[in-house]
Structure formats: C-alpha cells, structure tokens
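An overview of the molecular structure
Listed here are the chains, written in short residue letters.
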Amino acid sequence: MSSSKPLPNSSSATILPPANKAFVPRDYSHGTELRFSTELPAKLQGRIPEEVFTAVIGNINQLLIAAETGSASVYLESCFACLTGYLAYICMETQYEKPIPVNSTTKCLRSVSRLVEEYNRTVFGPRNLSMIDPSERGLRVIEIVLLRP
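Note that the coordinates shown come from a computational prediction; the quantities given were computed from them, not determined experimentally.

**A short note on the nonpolar core**
L44, F124, M131 and I144 are the most contacted members of the largest nonpolar core, which totals 26 residues. Listed by contribution, the elements that provide at least two residues to this core are β1 (21–25), α1 (50–67), α3 (108–124), β4 (129–131) and β5 (141–146). The greatest single-element share of this core, amounting to seven residues, is contributed by α1. Filtering out sequence-adjacent residues up to four positions away, L44 remains in contact with A22, F53, L129, I144 and L146.

**A closer look at the sheet that holds β5**
Read across the sheet, three strands follow the order β1-β5-β4 without closing on themselves; strand pairing throughout is antiparallel. Looking at which strands have only one partner, the edges of the open sheet turn out to be β1 and β4. Across this sheet, the average inter-strand angle for adjacent strands is 20 degrees, counted without regard to direction. Where α3 meets the sheet, it contacts β4 and β5, and its direction lies at approximately 165 degrees from that of β4.

**What to know about the packing of α1 against α3**
Interhelical geometry of α1 versus α3 gives an angle of 170 degrees and a closest axis separation of 10 Å. Judged by the inter-axis angle, α1 sits roughly antiparallel to α3. Judged by residue contacts, V52, A55, V56, N59, I60, L63, L64 and A67 of α1 engage C108, L109, S111, V112, L115, V116, Y119, V123 and F124 from α3. Partitioning the contact of α1 with α3 into residue classes produces 15 nonpolar, two polar and no charged.

**Description of helix α2 (residues 72–83)**
For α2, with twelve residues, the first-to-last C-alpha span of 17 Å sits near the 16 Å given by 1.5 Å per residue. The set of residues buried in α2 consists of V74, E77 and A81. Within α2, the buried residues cover an arc of 60 degrees as seen down the axis, which keeps them to one side. Along α2, the residues that are exposed and aim more than 90 degrees away from the buried face are A72, Y75, L76 and L83. Once α2 finishes, G85 follows within two positions and takes phi at roughly 65 degrees, a positive value.

Conventions and cut-offs
- Residues numbered from 1 in each chain as written.
- Predicted model: local features only at pLDDT ≥ 70, side-chain atom pairs only at ≥ 80, totals over all residues.
- Heavy atoms only, no water.
- Core = buried A, V, L, I, M, F, W, Y, C linked by side-chain atoms within 4.5 Å.
- Buried < 20%, exposed > 50% of the residue type's maximum accessible area, 1.4 Å probe, protein only.
- Helix = DSSP H or I, 4+ residues; strand = E, 2+ residues; numbered from the N terminus.
- Contact = heavy atoms within 4.5 Å.
- Pairing = 2+ DSSP bridges.
- Axes fitted to C-alpha atoms, helices over the stretch in contact; angles between N-to-C directions.
- Parallel < 35°, antiparallel > 145°, perpendicular 65-115°, else oblique.
- Nonpolar A, V, L, I, M, F, W, Y, C, P; charged D, E, K, R; others polar.
- Expected span 1.5 Å × (residues − 1).
- Arc of directions from axis to C-beta.

Okay, structure coming up:
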C-alpha cells in the first residue's frame, strides 16, 4: 500500500548554507542561577583569544547574578504577581528591570544590552563577529554570529 512518490517541488528545494553561528549555553553546574558557560565554543577558536572571551562572559554573568539576588521584596513581588495573574507587571518593574546594587543608575537587562553593544564595537566587531543580546534569546543562550569565515 505504501508507494514512494517524490515530494512535489522537491527538485526546486533551496539548500541553505550552514549557519555561521556559535552558541554559548547556560551553565547549570552551579544550580539554576542565571549564568553562561565560559568555555570557548569550537567555532570561535582561533577567532578570539580564550582569555578575552572568558572575561566578556564573566562580566555578563556578574550583571545577571546581581539581578538574581533574592530579598524579601523580590519574594513579595513574585507572590503579588502570581496572585494578580502576572498583570501586576504591567504597572511595576520586574527584578531584572530594577536598578542593580553595583550601579544604581542602570537597570540589569538594559545594562547587559549596553555591555553587549560595547563589546560588539570593541571586541567582536574588529574580529568579524557579532554577539546577540541574550535577552533576545530568552536568556537561554548567547548567540555569536560569525560575519565572515
């Protein structure tokens, strides 16, 4: 009963080149706290020194860990948000949007975005690389695009 027929338009299928991207995954070795692995991805070897890469990811990790520090207000905020069906976040900032203790004039995710922009100008851009803001990927991975091989 099963006959193998060619798929329609299979001859005109477009083959895309492999994506020139490297991904830095979350590091769960310290539990579920928000931090990224400082291990240099294989695709980036020879394109950026390992010490520079480790320093970049370490600085991003420091900002994210500062935002994750728990306090009574954070726990109350979470309970209140849960009780209101998370509609409370329309009227108030989340813990990631509030000022972090290191620099009270900046906000965590915004400061990470600014830091990524700065690193793209100074570290990654000259090496034909581009780091994508981790908040654009749901804080699951840091994506680094290889602009030219």
